[in-house]
Amino acid sequence: MNFDWIDRAASARAAGAGLSRRGFMKAAGAATGGLVLGFTLPGAHRFAHAAQARVYAPNAFLRVAPDNTVTVIVNRLEFGQGVHTSLPMLIAEELDADWSQMRGELAPAGDVYKDPAFGMQITGGSGSIARGFLQYREIGARARAMLVAAAAEQWKVEPGRCSTAKGMVLGPNGQKASYGALADAAMKQPVPATVVLKEPKAFRYIGKPMRRLDARAKSSGRQQFGIDFTPQNAVSVLVARPPVFGARVARFDAAAARAVKGVVEVLEVELDRGARGVAVFATGYWPAKQGRDALQAEWDASAVEKVDSARQLEAFRQLANAPGGSVARKADMAPLAGAARKISALYEFPYLAHAPMEPLNCVVDLQAEACTIWAGTQSQTVDQQVAASLLGLKPEQVMIHTMMAGGGFGRRAVLSSDWVGDAVRVARAWRAAGKSGPVKLVWSREDDIRGGYYRPSYVHRAELGIDGKGKIVAWDHKIVGQSIMAGTMFEQGMVKDGVDGSTVEGMGEPYAVPMNLRVEGVKQNVPVLWWRSVGSTHTAYVMETLIDEAAHIAGVDPVAYRKGLMSEKHARHRAALDLAVAKSGYGSRKLAKGRAWGVAVHESFGSVVAWVVEASVADGVPKLHRAVAGVHCNQPVNPLSIEAQIQGAALMGLGMTLPGAAITLKDGVVEQQNFSDYVVARHHEMPQVEVHIVPSNDPPTGIGEPGLPPLAPAFANAVFRLTGKRLRKLPFDLASA
């Protein structure tokens, strides 16, 4: 998800000059002893509250044990993006630790672990490294200073005469002491108010390709994910959910379900969005599923809207072509009427499911005055607050253990906390029935694809005027679709004058074009949510295919045309594009027969990614063969993680184009249910992907999402060169283009 709407000035102050606002605390070590160090930055944006500045124990990000291992507490969710390695790299760099002794541990919910710029504990917006870069380095530097001070005190020398290397403090007279041996003494040293961080030229870890700390456990099957975790005496739960969003169970007969061996209880339960369903409790997942399959339930959907995709699409088209809408940007459209050439285009984008490999799951152990939750959540603060509200508890009475997760793409950060909230509601019903012990709620893949939150469906209408020299003189644009932020806690900061900033992000930049942009926000009974790269999932496609079309009309090379529309402030765009062009051989290498080039470049989450691709079309089916990325994310922390993220984003971007990559509804019911009918890209469809990073020492920007938006338009632009057809909707459909 994108958090660009945060007060940038305040965020900049927090990242740099605001050091004096940080509070520091040393907390007692674990039973094994050692140094524990951490700090919190009070909320530095306009939505922060005073309470968020309080410091709570353990308030720790770093633990040095007597055996010299260094455990870094990762305040984000690790769900494939690599923060379990990259954040420890930042501490190891400034700590001068031995990388072989570094460990990672996911942080529980806690005020101290809140995003230093955002005021809540959350993983999203490609911000883990961007917003943790200084924070984690400073923790490492302070810990190093305390270890040095402890050694100097023991050796009776000045700290300035000591140095550090690979987990050791070295004295001026040949003395040596491991960090583990010094940890307890270091705890007695004052936390330094200021530290001097390394210059980039001195980096040993940052910028170097580092193997992931969790790779061995994951590749060997030893890593425990949320779905693997089942406490002793826990019951497994599956919920029969209404087929239409917000509907309720009218009546049900639980006899057949109760007859299934292993089923221990069947209860009606409240659910997200005011719905009501039926929970089947059993001794394991399989009997719970069999019991749910046997359940005889009837549903009442009389009070809710039943969305139909065909009717919705037609309504969106009409709105796109109608006057009105909320104004996001104004420009003089008078030149449009007299333009030498015009482009008129209507774009259509479907709902998209997140479909992570690990389905949603959550364990809740509800006691009289406390609740413990185990979940692979992206939004611990929101989930903690929602759970507390549902149970009549204080947030501090709700303990959330963050579990390793197998993907999410935004689905694990729901502002209504639907999946964690439902698990709490189920646990509440279980306890109200006189039962005790933890409950483990699992969503099957069918549950999530049919009943989850989706990337909204959109229709874009564009009218471009191009003069006789190929210059775009007017661009009239309208977007129709649901707002992600309306009705949520982020509405105040994200929705202005009827325009949801997440809907229009990515429109216009980096091109100097006179754009008149309007938005028609619509309400539909379909839950919507950010999806990897949020608004740029559709805006980048529209921008980059239309710019490509304008270049074709102008008779100008598409790379040169793009660069001609970029101002001096877009040097990073030029650098990324130039790198992709150079590494791909575009313009200097002849392609194989039947192949064509496609180009696109886009900025999201502060990073720029340019794709140069090679594609072919055989029997009406487009095929992507090679994709070369030029990436400008400022200072790269772990190039291996960057490469992996760009590769994964390319796979999802490609998946958007494949027939069947759409969520459709008929009479309010989602028609897709699993990977058999909701298409995702498979191994055989993956092109050869090359990732090249523009060198930089500037503070890092996001990387988890920026690789996705420009992939699909680059592919579409290549298909045009092969077929002469402009693909105006996703997924691709050459037959109707």
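Residues numbered from 1 in each chain as written. Predicted model: local features only at pLDDT ≥ 70, side-chain atom pairs only at ≥ 80, totals over all residues. Heavy atoms only, no water.

Draft legend 1. Spotlight on the overall build of the protein. Across its full length, the protein holds 19 helices and 30 strands. Against the compact-globule benchmark of 27 Å for 737 residues, the protein has a radius of gyration of 27 Å, which places it among compact chains. For the C-alpha atoms alone, the extent of the protein along its principal axes is close to 80 × 70 × 45 Å. In the protein, buried positions account for 60% of the 737 residues. Looking at the protein as shown, the accessible area adds up to about 28,100 Å², and 52% of this sits on carbon and sulfur atoms. Taking the average place of the 83 positive charges on the side chains of the protein and the average place of its 68 negative ones, the gap between the two points comes to 4 Å. (Helix = DSSP H or I, 4+ residues; strand = E, 2+ residues; numbered from the N terminus. Rg over C-alpha atoms; globule rule 2.2 N^0.38 Å. Buried < 20%, exposed > 50% of the residue type's maximum accessible area, 1.4 Å probe, protein only. Areas by Shrake-Rupley, 256 points an atom, 1.4 Å probe, with all protein chains shown as cover. Lys, Arg positive; Asp, Glu negative; His and termini not counted. Charge placed at Lys NZ, Arg CZ, Asp CG, Glu CD.)

Draft legend 2. Region of the structure containing helix H10 (residues 380-391). If you check H10, its first and last C-alpha atoms are 16 Å apart, about what twelve residues at 1.5 Å a residue would give, namely 16 Å. Where burial is concerned, most of H10 is hidden: nine out of the twelve residues are buried. The complete set of buried residues in H10 reads Gln 380, Thr 381, Val 382, Asp 383, Gln 384, Val 386, Ala 387, Ala 388 and Leu 391. Looking at the buried positions of H10, the neighbouring elements they touch are strand S16 (361-366), strand S17 (371-375), strand S18 (398-402) and helix H11 (418-432). Once H10 ends, the next one or two residues include Gly 392, with phi positive near 70°. (Expected span 1.5 Å × (residues − 1). Contact = heavy atoms within 4.5 Å.)

Draft legend 3. Region of interest: the side chain of Asn 361. Its location among the elements puts Asn 361 in strand S16. In this structure Asn 361 comes out as buried when scored by relative accessible area, which is 3%. A polar contact is formed between the side chain of Asn 361 and the backbone nitrogen of Ile 227, at a distance of 3.2 Å. For Asn 361, the side chain forms a polar contact with the main-chain oxygen of Pro 359, separated by 2.9 Å. Discounting chain neighbours no more than four positions away, the residues touching Asn 361 are Gly 226, Ile 227, Ala 375, Trp 419, Leu 441 and Val 442. (Polar contact = N/O pair within 3.5 Å; in protein donor to acceptor, adjacent residues only side chain to side chain.)

Draft legend 4. Spotlight on helix H19 (residues 711-723). Along its 13 residues, H19 runs 19 Å from first to last C-alpha, staying within 8% of the 18 Å computed at 1.5 Å per residue. Most of H19 sits inside the fold, with ten of its 13 residues counted as buried. Looking at H19, one finds that the buried residues are Leu 711, Ala 712, Pro 713, Ala 714, Phe 715, Ala 716, Asn 717, Ala 718, Val 719 and Phe 720. Check the buried side of H19 and you find it contacts helix H15 (536-554), helix H16 (558-564), strand S25 (595-604), strand S26 (607-618), strand S27 (621-632) and helix H18 (639-655).

Draft legend 5. Fine view of the environment of Ala 288. The residue Ala 288 is located in helix H7 (residues 285-294) in this model. Residues Ala 288 and Val 260 lie 28 residues apart in sequence; the distance between their C-alpha atoms is 8.5 Å. Those residues in contact with Ala 288 that sit more than four places away from it in its chain are Ser 236, Leu 238, Val 280 and Ala 282.

Draft legend 6. The arrangement of the packing of H10 against H11 in detail. It is the contact of H10 with H11, at a shortest axis distance of 9 Å, that shows an interaxial angle of 30°. Relative to H11, the element H10 lies roughly parallel. Pair H10 / H11 crosses with right-handed handedness. Packed against H10, whose contacting residues are Asp 383, Ala 387, Leu 390 and Leu 391, the element H11 presents Val 420, Gly 421, Val 424, Arg 425 and Arg 428 at the interface. Classifying every residue of the contact of H10 with H11 by side-chain character gives five nonpolar, one polar and three charged. (Axes fitted to C-alpha atoms, helices over the stretch in contact; angles between N-to-C directions. Parallel < 35°, antiparallel > 145°, perpendicular 65-115°, else oblique. Left-handed = near helix turned anticlockwise from the far one by under 90°. Nonpolar A, V, L, I, M, F, W, Y, C, P; charged D, E, K, R; others polar.)

Draft legend 7. Inspection of the packing of aromatic side chains at higher detail. The final tally for this structure, using the stated rule, is 13 aromatic pairs. Ring plane angle 90° and centroid distance 5.4 Å describe the contact between Phe 61 and Tyr 136, whose orientation is recorded as edge-to-face. Of the two residues, Phe 61 sits in the loop between strand S2 (35-40) and strand S3 (62-64) while Tyr 136 sits in helix H3 (residues 133-155), which places them 75 residues apart along the sequence. Side by side, Phe 61 and Tyr 136 carry an identical accessibility label, which is buried. (Phe/Tyr/Trp six-rings, centres within 6.5 Å; stacked < 30°, edge-to-face > 60°.)

Draft legend 8. Quick look at the sheet that holds strand S11 (residues 263-270). Ordered by their spatial adjacency, seven strands build an open sheet running S11-S12-S9-S19-S16-S17-S18, and the pairing between neighbours is mixed. Of all the strands in the sheet, the pair left with one neighbour each is S11 and S18. Ignoring strand direction, the axes of neighbouring strands in this sheet form an average angle of 25°. Two elements, S11 and strand S12 (residues 276-282), share seven bridges in a ladder whose sense is antiparallel. In the sheet register, Glu 265 faces S12, and the bridge partner there is Phe 281. Contacts from H7 reach strand S9 (235-240), S11, S12 and strand S19 (439-442) within the one sheet, and its direction differs from that of S9 by about 30°. Here H11 sits on the sheet and contacts S9, S11, S12, S16, S17 and S19; the angle it forms with S16, its principal contact strand, is near 40°. (Pairing = 2+ DSSP bridges.)

Draft legend 9. Examining the pattern of salt bridges more closely. For the structure on display, the rule yields 41 salt bridges. Of the charged contacts, one joins Arg 212 and Glu 78 as a salt bridge, the two residues approaching to 3.3 Å between their closest N and O atoms. Of this pair, Arg 212 sits in the loop between helix H4 (179-186) and helix H5 (215-220) while Glu 78 sits in the loop between strand S4 (70-74) and helix H2 (83-95), placing them 134 residues apart in sequence. With a relative accessible area of 25%, Arg 212 lands in the partly exposed category. The buried category is assigned to Glu 78, whose relative accessible area is 0%. (Salt bridge = Lys/Arg side-chain N within 4 Å of Asp/Glu carboxyl O.)

Draft legend 10. Main features of unusual backbone geometry. Residue Pro 510 follows Glu 509 across a cis peptide bond; omega there is 5°. Secondary-structure assignment places Pro 510 in the loop between helix H14 (501-504) and strand S24 (515-521). In this structure, the amide linkage connecting Leu 730 to the following residue, Pro 731, adopts the cis form with an omega of -5°. Summarising the element assignment, Pro 731 is placed in the segment after H19. You will see that Ala 355, though not glycine, has its phi angle at about 45°, which is positive. With respect to the helices, strands and loops of the structure, Ala 355 is situated in the loop between strand S15 (341-349) and S16. The class of Ala 355 is buried, set by a relative accessible area of 11%. Residues other than glycine seldom take positive phi values, yet Asp 667 does so here, at roughly 55°. Inspection of the secondary structure puts Asp 667 in the loop between strand S28 (665-666) and strand S29 (669-670).

Draft legend 11. Region of the structure containing the nonpolar core. Grouped together as the largest cluster of nonpolar side chains are 143 residues, with contacts concentrated most on Ile 373, Trp 475 and Trp 611. Beyond its immediate stretch of four places on either side in the chain, Trp 475 contacts Met 333, Ala 462, Glu 463, Leu 464, Val 513, Pro 514, Met 515, Asn 516, Met 543, Leu 546 and Ile 547. Counting 48 residues, the second largest nonpolar core, distinct from the first, contains Phe 133, Leu 147, Ile 206 and Val 637. (Core = buried A, V, L, I, M, F, W, Y, C linked by side-chain atoms within 4.5 Å.)

Draft legend 12. Broad picture of the packing of H18 against H19. Following both chains from N to C, one finds H18 and H19 inclined at 55°, their axes separated by 8 Å at the closest point. By the angle between their directions, the pair H18 and H19 is classed as oblique. Between H18 and H19 lies a crossing of right-handed hand. On H19, the residues that touch Ala 650, Gly 653 and Leu 654 of H18 are Leu 711, Ala 712 and Phe 715. Residues that form the contact of H18 with H19 fall into these classes: five nonpolar, one polar and no charged.

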